[in-house]
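Chain residues, written in single-letter form:
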Amino acid sequence: MTPPTDLELMMYFDGELEEPRSSEVRAFLAPSEMGSSSGAHGKLGGLSLIATLVRENAHASAAQADSIAGDVMKQIDAEQPRALKIGLAKPKPEPIGSRVKVPVLVSRALRAPAAAANDNGRLIFGLSALAAAAAAVLFLWGKNPPAEAPTAATGAGRAEAVATDMPVEPTPATSIAAHSADSSGSPATDAPDEGALGEGPSAEVASVDFGSRAGALYYVSGDNTGADGRSTTTTVVWLTDE
Amino acid sequence: MRTSAWGIVLGRSLLVLCCFAPAVSLAAPTPAAEIGRAVAGPHDAPVVADVKAEIIILHATNDGKGIDPGIGKMPELAQPPFSSYNSYKLLNKDALKLIKGEAKEQKLPDGGKLAVTFKDMVKGKKGEATRYMLKAMIEKSDGKAFLPGLDVTARKGEYFFIAGQKYEKGILVIGIKIK
């Protein structure tokens with residue numbers, strides 16, 4: 001019988017050596033052949049020692065591995081409250097040590113955005129401020145209307161038109177404000193600017209009905225003077241007679 | 001929580017304010033409304049039952065005769081639109097007593113008639129004299145309206161004119177003045 005090689009001894013030790021070689025190695029290691037197999041026994045003892053050491057070391061490592069998950073969870077627990085703290089607007093300083101308090105913080109963190117979305121007060125406040133500003137503008141505008149001009153109360157069937165039949169075309173040099181209306185009615189009668197045309201017109205036209213004719217209003221300013229010696233603007237209602 | 005409640009209360013208060021402010025603004029008398037009242041308000045001026053008015057009737061033509069001296073100083077006749085006619089002749093000049101609310105008729109040379117009504121006396125605007133609310137209508141000889149209606153607030157002592165009615169190769173120019 002050939003003595004087993006180191007590899008065969010290892011395989012035998014591990015139970016991986018197949019028959020019939022396994023039986024031959026077992027017979028080789030039997031006590032009757034102690035002398036011839038003492039080297040092989042020594043090698044087997046060494047293997048056994050190594051196996052024991054490796055197993056113990058593995059157990060020790062496995063014991064540490066069991067706590068890895070726990071460590072990770074602790075780490076997560078420690079990080080989570082810090083993140084929630086950042087998310088909250090102004091959180092009260094609360095101890096974050098225990099796991100029990102984390103859900104509380106989570107619920108607060110979840111409530112925070114909902115509260116912001118539901119903050120109708122702010123929205124209403126903003127809109128109200130805007131509306132108040134608009135109302136103030138309206139109020140002031142109503143109190144200070146533009147330079148007032150007499151309005152012409154027009155009757156039914158009034159419309160605007162160009163006074164094509166008017167005898168003259170007023171020119172700017174004549175300082176005439178002409179206002180025309182068509183055959184069916186009266187125009188709005190914008191009085192001339194009093195600053196530009198002296199002291200205002202001799203008569204402010206409240207309304208004029210030209211009927212079926214074309215007509216125009218003229219405000220003639222010149223060096224004519226009124227009863228009190230002031231320069232005046234003469235109001236002229238000019239109609240066509242066809 | 002309390003801040004939010006106050007925000008809502010404040011917001012709603014402002015909302016109510018905004019709703020009512022324009023209404024108050026519209027209800028409050030604006031200068032325009034005040035002016036309207038001053039023009040239309042009979043209580044802003046002394047109550048006058050009648051006024052004297054002067055009515056002149058001119059005949060405008062282009063016959064080259066110039067302005068009738070009887071018309072007096074009337075520089076506006078040399079300006080547009082009057083300047084489209086080079087001659088103005090005084091046809092009539094009458095003083096009328098206008099009783100408040102009653103139309104006073106004046107016969108026109110073409111057979112038509114002018115009706116003038118003194119409606120009211122109103123206080124003028126700042127620094128201005130009292131104005132007189134007048135209504136004028138012109139009817140042609142055939143009874144048709146030439147000027148169906150004209151409402152003015154006239155200043156005392158100053159003419160306002162109604163012109164354009166055809167008459168003998170020209171037109172009639174009617175001047176009305178409160179004396």
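None of the values given here were measured: they were computed from a predicted structure. (Residues numbered from 1 in each chain as written. Chains lettered and ligands numbered in written order. Predicted model: local features only at pLDDT ≥ 70, side-chain atom pairs only at ≥ 80, totals over all residues. Heavy atoms only, no water.)

### A short note on the overall build of chain B
How we decide: Counting from the N terminus, the helices are the DSSP runs of H or I reaching at least four residues and the strands are the DSSP runs of E reaching at least two. The cut-offs for exposure are 20% and 50% of the maximum accessible area for each residue type, with area from a 1.4 Å probe on protein chains only; residues under the lower value are buried, those over the upper are exposed, and the others partly exposed. What makes two residues a contact is simply this: any of their non-hydrogen atoms within 4.5 Å. Using a 1.4 Å probe, the Shrake-Rupley method yields the accessible areas, and only the shown protein chains count as cover for residues.
Helix and strand content of chain B: 2 helices and 8 strands. Listing each helix as α and each strand as β along chain B from the N terminus yields α-α-β-β-β-β-β-β-β-β. For chain B, buried positions account for 47% of its 179 residues. A separation threshold of at least 6 residues defines the contact pool for chain B, and within that pool the share at least 24 residues apart is 51%. Accessible area for chain B stands at about 9100 Å²; split by element, carbon and sulfur atoms hold 59% of it.

### Focus: the sheet that holds strand 2 (residues 203-209) of chain A
The strands that make up a sheet are held in pairs by hydrogen bonds between backbone atoms, and each pair lies either parallel or antiparallel. Just so we agree on the cut-off: Here, any two strands with at least 2 DSSP bridges between them count as paired. Every axis corresponds to a line fitted to the C-alpha atoms, with the helix fit spanning only the stretch in contact, and the corresponding angles, defined between N-to-C directions, vary from 0 to 180 degrees.
One open sheet holds the 5 strands; their spatial order is 2(A)-6(B)-5(B)-4(B)-3(B), and the pairing between them is antiparallel. Two strands close off the open sheet at either side, each with one partner strand: strand 2 of chain A together with strand 3 (103-107) of chain B. In this sheet, neighbouring strand axes are inclined to one another by 20 degrees on average, regardless of whether the strands run parallel or antiparallel. As defined by bridge partners, strand 3 of chain B adjoins strand 4 (residues 113-122) of chain B across 5 bridges and the pair is classed as antiparallel. In the sheet register, Q106 of chain B faces strand 4 of chain B, and the bridge partner there is L114 of chain B.

### Here's the deal with the environment of E128 of chain B
Residue and element names in this part refer to chain B. Mapped onto the secondary structure, E128 falls in the loop between strand 4 and strand 5 (131-139). Residue E128 is classed as buried on the basis of its relative accessible area of 15%. Between the alpha carbons of E128 and R155 there is a distance of 8.9 Å; along the sequence they are 27 residues apart.

### Structural notes on the nonpolar core
Residue and element names in this part refer to chain B. Quick reminder of the rule: Definition used in this section: a nonpolar core is a set of buried Ala, Val, Leu, Ile, Met, Phe, Trp, Tyr and Cys residues joined via side-chain atoms within 4.5 Å.
L150 and I176 are the most contacted members of the largest nonpolar core, which totals 36 residues. Counting residues per element, this core draws most heavily on strand 6 (residues 145-155), at 5 residues. Of all hydrophobic cores here, the second largest spans 19 residues; its members include L58, M74, L77 and I171.

### Section: the pattern of salt bridges
The criterion, for reference: By definition here, a salt bridge exists when the distance from a side-chain nitrogen of Lys or Arg to a carboxyl oxygen of Asp or Glu is within 4 Å.
A complete count under the given rule lists 13 salt bridges over all chains for this structure. Between D241 of chain A and R213 of chain A there is a salt bridge, with the nearest N and O atoms lying 3.5 Å from each other. Separated by 28 residues along the polypeptide, D241 of chain A in the segment after strand 4 (231-239) and R213 of chain A in the loop between strand 2 and strand 3 (215-225) bring together distant segments of the chain. In this structure, D241 of chain A and R213 of chain A share a single accessibility class: buried. Ionic pairing is found between K177 of chain B and E54 of chain B, a salt bridge with its closest N-O pair at 3.7 Å. Taken together, the positions of K177 of chain B in strand 8 (residues 170-178) and E54 of chain B in strand 1 (residues 50-61) put the pair 123 residues apart, joining distant regions of the chain. No difference in accessibility class separates K177 of chain B from E54 of chain B, as the two residues are buried.

### As for the confidence of the model for chain B
What counts, and what does not: The predictor reports its confidence for every residue as pLDDT, a score running from 0 up to 100.
Across chain B, pLDDT averages 80, with 74% of residues at or above 70. Taken over the whole predicted complex, pTM reads 0.47, whereas the ipTM for its chain interfaces reads 0.73.

### Details of the packing of aromatic side chains
Put simply, the rule is: Between rings of Phe, Tyr and Trp, where Trp is taken as its six-membered ring, a pair exists when centres lie within 6.5 Å; planes separated by under 30 degrees are stacked, by over 60 edge-to-face, and by other angles tilted.
This model, assessed by the stated rule, comprises 6 aromatic pairs over all chains. Ring centres 6.3 Å apart and planes at 70 degrees place the aromatic pair F82 of chain B and Y88 of chain B in the edge-to-face group. Each member of the pair, F82 of chain B as well as Y88 of chain B, is classed as buried. The rings of W238 of chain A together with F82, Y85, Y88, Y159 and F161 of chain B are connected pair by pair, giving a single aromatic cluster.

### A few points about unusual backbone geometry
The omega angle of the peptide bond from E19 of chain A to P20 of chain A is 5 degrees, so this bond is cis rather than trans. The topology assignment puts P20 of chain A in the loop between helix 1 (6-14) and helix 2 (21-28). The omega torsion across P80 of chain B and P81 of chain B is 0 degrees, close enough to zero to call that bond cis. In this structure, P81 of chain B sits in the loop between strand 1 and strand 2 (87-99). Of note, the phi angle at E168 of chain B is positive, near 40 degrees, even though the residue is not glycine. Among the structural elements, E168 of chain B can be located in the loop between strand 7 (160-167) and strand 8. Judged by relative accessible area, E168 of chain B falls into the exposed class, the value being 57%. Even without being a glycine, K169 of chain B presents a positive backbone phi close to 55 degrees.

### As for the confidence of the model for chain A
Residues and elements named next belong to chain A. On average, residues of chain A carry a pLDDT of 67, and 52% of them reach 70 or more. Per-residue pLDDT, averaged within each element of chain A, yields its smallest value for strand 1 (residues 176-181) (46) and its largest for strand 2 (90). Low pLDDT, under 50, characterises residues 145-165; the stretch is placed with 45 contacts to residues that sit more than four places away or in other chains. Counting contacts from residues 168-190, a segment whose pLDDT is below 50, to residues more than four positions away or on other chains yields 90 contacts.

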